[in-house]
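A look at the structure
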Amino acid sequence: MPLYPLFADLNDRHVLVVGGGDVAARKTAMLLKAGAKVTVGAPVLAPELREWVQQGRIIYKSGAYQPDWLDGTWLVIAATRSRPLNARIAADGHVRQRLVNVVDDPALSSFQVPALIDRSPLLVAISSHGAAPMLVRRLRERIESLLDPALGSLLQLAQRYRARIRARHTDHTQHRRFYDWLHDGPVHALLRAAQPLHAERQLVAALADRAVPKATGSIALVGAGPGDPGLLTLRALRALNEADVILHDALISEPILDLARRDALRITVGKRGGGTHTPQASIHALMLEHARAGQRVVRLKGGDPFVFGRGGEELEFLRAHNVSYEVVPGITAALACAAYSGVPLTHRDHAQSVRLVTAHCGQSLNTLDWSELARERQTLAIYMGVGQLDELTQELIAHGRGGDTPFALIENGTLPQQRTLTGKLGDLPALATRHAISAPALLILGEVAAQADAAHWYGELLGDPPQHLAYLRTLADAA
Ligand code: SAH
């Protein structure tokens, strides 16, 4: 028989938990959250339960289980380690027409406690009647990541204003459209941005008006990380799930775009492999056009939007045009490439600071302070530098960095085709040419880069003999 789903109001109702261990404590905590009056019966109690007894939050029946503990209770949870005892509790309970849950034992139970996603007042409960606990766990994780934490506060706010909303919008369609606005519009966005007072003011202002507010579009500037979809943040994933329009850099990998809402409009902007280039002004115009049409726009950028990503300019533009926005950080290439090549960017003994540097074009190379950059005991993470390796190397050496300073040059970091080239600064341009390293690649320069040879764990490791690959090739040639 399928189960009958039930959300019980246990506020001020007596519930019995039998058992004094960690499981009993966990169940008790849930019951207390629902306002239940909990009696815990057991010979001994776990420290947490003991504390609750001392605080007067629960009633304690000390000693071996007695059937009269069941008197006056609405529900019973049996959480002892003994199955025969649990079976007795269940049988006693059922004779008295109590609903009984025996933890992890659906056969003995007359009710199940579901897996829960809690955005109170919204509760999402999942049960497989004990048939597929692993699947339930996975589903729970999935749904947990899809529902943003601010949803609870949105629903609480909506609950408080429900009567006023109903009074304002009596027409059914209008009423529904108001709730759509509430969920998709600025009130929810402000709650996500941790501005509850501002959110409530918006709601009140909207209710002063006879008409349902027009859908106001919004923009999320989202960092997609370096390429591996596993490095997206949960917040980025949610933004992709809710987007109507995605304006993404050409470099964003297909597996990441696959995570977006299927029917979202996708527009590629920025530099393409072939060299065509969307000017920044057109990107601004596209963002504005779609936001003004009331759509949720995700501007998806590689790595982090605020690290060599022109995110600052885009925000300035949005502010100037009064479009609301949020910013979701991403894992920037320096952090990702360092992690995926086993290079700690700082190190107690070798590097006390790290600099993120861009070597974009000849002009910006001239503006760099080379004597600062050439200092020892710091790590340089150089973006967009593959076309400039010659000059970069010359300048650093000319300003005093040793030609034997270790480097790691990581191409396509975090992607399956990642290659990591290691060596000494003096050999950098020649080695990079020999291995035909191309963009996107990130250069890590400094004492710490030497760690890559031993600590590297992802993708292919390239370099001079006696490093692994070259060495293996020699062996193969000899055979
Ligand atoms: N906002 C991005 C950087 C954009 S600049 C971020 O925070 O990562 C583009 C440069 O980033 C590339 O030229 C390269 O130097 C670096 N980069 C981006 N993705 C990379 C990857 N997967 N592997 C190596 N370098 C990468």
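Since the structure is predicted, the reported quantities are computational estimates derived from the model, not experimental observations.

Bringing the overall build of the protein into the picture now. Of the regular secondary structure elements, the protein holds 20 helices and 18 strands. C-alpha extents for the protein along the principal axes are approximately 85 × 70 × 40 Å. Counting all 479 residues of the protein, 44% fall into the buried class. Taking all contacts inside the protein whose residues are at least 6 apart in sequence as the whole, residues at least 24 apart take part in 63%.

Moving on to helix H1 (residues 22-33). Note that an α-helix has 3.6 residues per turn; residues three or four places apart therefore point the same way. Taking 1.5 Å of rise per residue, twelve residues should cover 16 Å, and H1 covers 17 Å from first to last C-alpha, within 8% of that figure. Taken together, the buried positions of H1 are Ala24, Ala25, Thr28, Leu31 and Leu32. End-on view of H1: buried residues confined to an arc of 125 degrees, all on one side of the axis. Turned more than 90 degrees from where H1 packs its buried face, Asp22, Arg26 and Lys33 sit exposed. Within two residues after H1, glycine 35 carries a phi angle of roughly 85 degrees, on the positive side.

Right, let's talk about the sheet that holds strand S11 (residues 296-301) for a bit. Judged by pairing direction, the sheet is parallel, and its five strands sit side by side in the order S10-S9-S11-S8-S12 without closing on themselves. Every other strand in the sheet has two partners, leaving strand S10 (265-269) and strand S12 (325-328) as the edge strands with one partner each. Taking each pair of neighbouring strands and ignoring which way they run, the sheet shows an average axis angle of 15 degrees. Here strand S9 (residues 245-249) pairs with S11 via four bridges, running parallel. Note on S11: the bridge partner recorded for histidine 248 is leucine 300.

Between helix H7 (residues 172-184) and helix H9 (residues 196-207), the shortest axis-to-axis distance is 12 Å and the interhelical angle comes to 155 degrees. In terms of orientation, H7 lies roughly antiparallel with respect to H9. Of the two elements, H7 crosses H9, and the hand of that crossing is right-handed. Residues Phe178, Trp181 and Leu182 of H7 form the contact with H9, whose participating residues are Gln202, Leu203, Ala206 and Leu207.

This part takes up the site of the ligand. The environment of the ligand is formed by 17 residues, the closest being Val307, Thr332, Met384, Gly413 and Ala441. One nitrogen or oxygen atom from the main chain of aspartate 304 is found 2.8 Å from an oxygen atom belonging to the ligand. Within the backbone of alanine 333, an N or O atom sits 2.8 Å from an oxygen atom of the ligand. For the ligand, the protein covers 88% of the area, taking 540 Å² as the surface of the free molecule. Only helix H14 (333-340) and strand S17 (441-445) provide two or more residues apiece to the shell around the ligand. Class assignment of the residues belonging to the shell around the ligand gives a composition of eleven nonpolar, five polar and one charged. Both of domain 3 (218-331) and domain 4 (334-474) provide at least three residues apiece to the shell around the ligand.

Another point: the packing of aromatic side chains. What the rule picks out here adds up to seven aromatic pairs. Summarising the aromatic geometry, the rings of phenylalanine 308 and tyrosine 383 are spaced 4.8 Å apart at their centres and angled 65 degrees between planes, so their arrangement reads as edge-to-face. With phenylalanine 308 in the loop between S11 and helix H13 (311-320) and tyrosine 383 in strand S14 (residues 378-383), this pair connects stretches of sequence that are 75 residues apart. When its relative accessible area of 37% is taken as the criterion, phenylalanine 308 is described as partly exposed. Given a relative accessible area of 8%, tyrosine 383 falls into the buried group. Between tyrosine 340 and tyrosine 458 the ring centres are 4.8 Å apart and the planes differ by 65 degrees, which places this aromatic pair in the edge-to-face class. With tyrosine 340 in helix H14 and tyrosine 458 in the loop between helix H19 (452-455) and strand S18 (460-463), this pair connects stretches of sequence that are 118 residues apart. What makes tyrosine 340 buried here is its relative accessible area of 10%.

What follows is about the side chain of threonine 332. Along the chain, the position of threonine 332 falls in the loop between S12 and H14. For threonine 332, the side chain forms a polar contact with the side chain of tyrosine 383, separated by 2.6 Å. The residues touching threonine 332, leaving out its near neighbours within four places in the chain, are Gly303, Asp304, Val307 and Tyr383.

What follows deals with the pairing of strand S4 (residues 75-78). A two-sided burial pattern is seen for S4, the buried positions comprising Leu75 and Ile77 on one face and Val76 and Ala78 on the other. Strand direction decides the pairing type here: strand S1 (residues 14-18) and S4, joined by four bridges, are parallel. By the bridge assignment, valine 17 is partnered in S4 with isoleucine 77. Two elements, S4 and strand S5 (residues 99-102), share four bridges in a ladder whose sense is parallel. Looking across to S5, one finds that leucine 75 is bridged to leucine 99. With helix H3 (residues 83-95) bridging S4 and the parallel S5, this β-α-β connection has right-handed handedness.

All right, on to the UniProt feature "domain: Siroheme synthase central" (unreviewed entry) in the protein then. Under the UniProt annotation, "domain: Siroheme synthase central" (unreviewed entry) lies at residues 120-145. Each end of residues 120-145 is marked by a C-alpha atom, and these two atoms are 16 Å apart; helix forms 50% of the span and strand 19%.

On to the packing of helix H4 (residues 133-146) against helix H10 (residues 234-242). Closest axis-to-axis distance for the H4/H10 pair is 8 Å, and the angle between their directions is 80 degrees. On the basis of the axis angle, H4 is roughly perpendicular to H10. Of the residues in H10, those in contact with Glu144, Ser145 and Leu146 of H4 are Leu234, Leu237, Arg238 and Asn241.

What follows concerns the environment of phenylalanine 306. Within the secondary structure, phenylalanine 306 is located in the loop between S11 and H13. The class of phenylalanine 306 is partly exposed, set by a relative accessible area of 47%. Not counting residues within four places of it along the chain, the set of residues in contact with phenylalanine 306 comprises Leu221, Gly311, Gly312, Leu315 and Val327.

This part covers unusual backbone geometry. With an omega dihedral of 10 degrees, the bond running from serine 120 to proline 121 counts as a cis peptide bond. The step from alanine 439 to proline 440 runs through a cis peptide bond, and the omega angle for that step is 0 degrees. Residue position: proline 440 is located in the loop between helix H18 (428-434) and S17. Positioned with a positive phi, aspartate 104 is a non-glycine residue whose angle comes to about 60 degrees. Within the element layout of this structure, aspartate 104 appears in the loop between S5 and strand S6 (115-119). Aspartate 104 sits in the exposed class, given a relative accessible area of 77%. One non-glycine residue, arginine 377, lies in positive phi territory at about 60 degrees. Relative to the elements of secondary structure, arginine 377 occurs in the loop between helix H16 (370-373) and S14.

Calculation criteria
Residues numbered from 1 in each chain as written. Predicted model: local features only at pLDDT ≥ 70, side-chain atom pairs only at ≥ 80, totals over all residues. Heavy atoms only, no water. Helix = DSSP H or I, 4+ residues; strand = E, 2+ residues; numbered from the N terminus. Buried < 20%, exposed > 50% of the residue type's maximum accessible area, 1.4 Å probe, protein only. Contact = heavy atoms within 4.5 Å. Expected span 1.5 Å × (residues − 1). Arc of directions from axis to C-beta. Pairing = 2+ DSSP bridges. Axes fitted to C-alpha atoms, helices over the stretch in contact; angles between N-to-C directions. Parallel < 35°, antiparallel > 145°, perpendicular 65-115°, else oblique. Left-handed = near helix turned anticlockwise from the far one by under 90°. Near = heavy atom within 4 Å. Polar contact = N/O pair within 3.5 Å; in protein donor to acceptor, adjacent residues only side chain to side chain. Areas by Shrake-Rupley, 256 points an atom, 1.4 Å probe, with all protein chains shown as cover. Nonpolar A, V, L, I, M, F, W, Y, C, P; charged D, E, K, R; others polar. Domains from an automatic or database assignment. Phe/Tyr/Trp six-rings, centres within 6.5 Å; stacked < 30°, edge-to-face > 60°. Right-handed = clockwise from strand over helix to strand, strands pointing away. UniProt positions renumbered as here; feature names shortened; annotations may be inferred.

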